[in-house]
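Structure at a glance
The primary structure of each chain is shown beneath.
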Amino acid sequence: MSANVAIIVPAAPGDITWRTLLAQLQGADAREIRLVLAEGDEAAVDVHSSTFKVLHAPVGRPRQLNAGVAASTADWLWFLHADSALTPATLAAMHEFVGRDEDAIGYFQLRFLDDGPRWMFLNAWGAALRSRLLGLPFGDQGLLMPRRVLRALGGFDEGIGKGEDHALVWAAHARRIPVRALGASLRTSARRYAEQGWWRTTWQHLCLTRAQAAEFSRQARARAAIERA
């Protein structure tokens, strides 16, 4: 019996890295798989499965994520970046967490593919530290949650240019929704670090994360206070 989960994969215009991921997802035993392309992106998709559907939505990850949610019916939602890569342990951990049916957000341990600089192990270590100590996993760690949790959080904020995943996790903390490590890894591409330079890209991410944390935490606390009033 398939897991009661919809796997939602947004893709940026022209991005075709999802082809490898979709091949891996055929063994995920999920109820639904939704590939959400940007409007105007007519990439050919050669997948024939009753669980698989291609959607188009206005460009922007939060809009594409919300479109994928609206086009699915499963009780659980798993959000994956197009350049993610799975392992058997990833899928086993997904099924185990869904089976627990907990009001929580699950995330995977970030690992990088061998397509970036040799220093990427430091980035993986930093992501683990951020997730474990601060409770702040990001979207490339495969956020997994019940639909009812996402609904309680109001979905992904389409007014945010970047960091919709970061904002969602802060909203979860403000509402005391647990964020759980799932004990398995999820791999992602490091090609951007290779293209733009490891130090420059890492520094930009650190600065952006710090700025977003200050803004998103303040907004999440304010909204939660209004809801409790």
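Residues numbered from 1 in each chain as written. Predicted model: local features only at pLDDT ≥ 70, side-chain atom pairs only at ≥ 80, totals over all residues. Heavy atoms only, no water.

On to the pairing of strand 6 (residues 105–112). With respect to burial, strand 6 is a largely interior element, 6 of its 8 residues being buried. As defined by bridge partners, strand 6 adjoins strand 8 (residues 179–188) across 7 bridges and the pair is classed as parallel. Each bridged residue has a counterpart across the sheet, and for Gly-106 the counterpart in strand 8 is Arg-180. (Buried < 20%, exposed > 50% of the residue type's maximum accessible area, 1.4 Å probe, protein only. Helix = DSSP H or I, 4+ residues; strand = E, 2+ residues; numbered from the N terminus. Pairing = 2+ DSSP bridges.)

Summary: where empty space remains is shown by rolling a probe the size of a single water molecule over the atoms. Under the criterion given, the structure shown has 1 cavity of 30 Å³ or more. Lining of the largest cavity is provided by Pro-10, Arg-61, Leu-65, Phe-79, Leu-80, His-81, Gly-139, Leu-143, Phe-156, Glu-164 and Asp-165. (1 Å grid on protein atoms, 1.4 Å probe; cavity = no way out; pocket = protein on both sides within 12 Å on 5 of 7 lines; lining within 4 Å. Points joined across faces, edges and corners; volume = space filled by probe spheres on them.)

Here the focus is unusual backbone geometry. A positive phi angle, close to 50°, is found at Asp-101, a residue other than glycine. Residue position: Asp-101 is located in the loop between helix 3 (88–100) and strand 6. Located in the positive-phi region is Arg-176, a residue other than glycine, with phi close to 60°. With respect to the element layout, Arg-176 can be found in the loop between helix 6 (164–174) and strand 8. Residue classification places Arg-176 among the exposed residues on the basis of a relative accessible area of 67%.

Take helix 1 (residues 18–25) next. Among the residues of helix 1, those classed as buried are Trp-18, Leu-21, Leu-22 and Leu-25. In a view along the axis of helix 1, the buried residues occupy a sector of 100°, so they form one face of it. Set apart from the buried face of helix 1 by more than 90 degrees, the exposed residues are Thr-20 and Ala-23. (Arc of directions from axis to C-beta.)

Together, Trp-125, Leu-129, Leu-133 and Leu-134 make up an exposed nonpolar region whose accessible area comes to about 480 Å². As for its position among the elements, Leu-133 is in helix 4 (residues 120–134). (Patch = residues over 30% accessible without salt bridge, like charges linked within 9 Å, V, L, I, M, F, W, Y side chains within 5 Å. Areas by Shrake-Rupley, 256 points an atom, 1.4 Å probe, with all protein chains shown as cover. Salt bridge = Lys/Arg side-chain N within 4 Å of Asp/Glu carboxyl O.)

Of the volumes computed, that of the second largest pocket is approximately 160 Å³. Leu-153, Gly-155, Asp-157, Ala-171 and Arg-223 are, among the 13 residues lining the second largest pocket, the residues nearest its centre. Here the lining of the second largest pocket gets 4 residues from one element, more than from any other, and that element is helix 6. Its residues placed into classes, the lining of the second largest pocket shows 6 nonpolar, 2 polar and 5 charged. (Nonpolar A, V, L, I, M, F, W, Y, C, P; charged D, E, K, R; others polar.)

The next subject is the environment of Pro-13. With respect to the helices and strands, Pro-13 occurs in the loop between strand 1 (3–10) and helix 1. Judged by its relative accessible area of 54%, Pro-13 falls in the exposed class. Between the C-alpha atom of Pro-13 and that of Ser-72, which follows or precedes it by 59 residues, the distance is 22 Å.

Another point: the nonpolar core. The biggest cluster of nonpolar side chains holds 33 residues, and the ones touching the most others in it are Ile-8, Leu-77, Phe-79, Ile-105, Met-145, Leu-150 and Leu-153. Ranked by residues supplied to this core, first place goes to helix 6 with 7 residues. Among all residues touching Leu-77, those that are not within four sequence positions of it are Val-5, Ala-6, Ile-8, Val-69, Ser-72, Leu-143, Leu-144, Met-145, Arg-147 and Leu-150. Counting residues in each nonpolar core, the second largest holds 31 residues, with Val-9, Leu-37, Trp-78 and Leu-182 among its members. (Core = buried A, V, L, I, M, F, W, Y, C linked by side-chain atoms within 4.5 Å. Contact = heavy atoms within 4.5 Å.)

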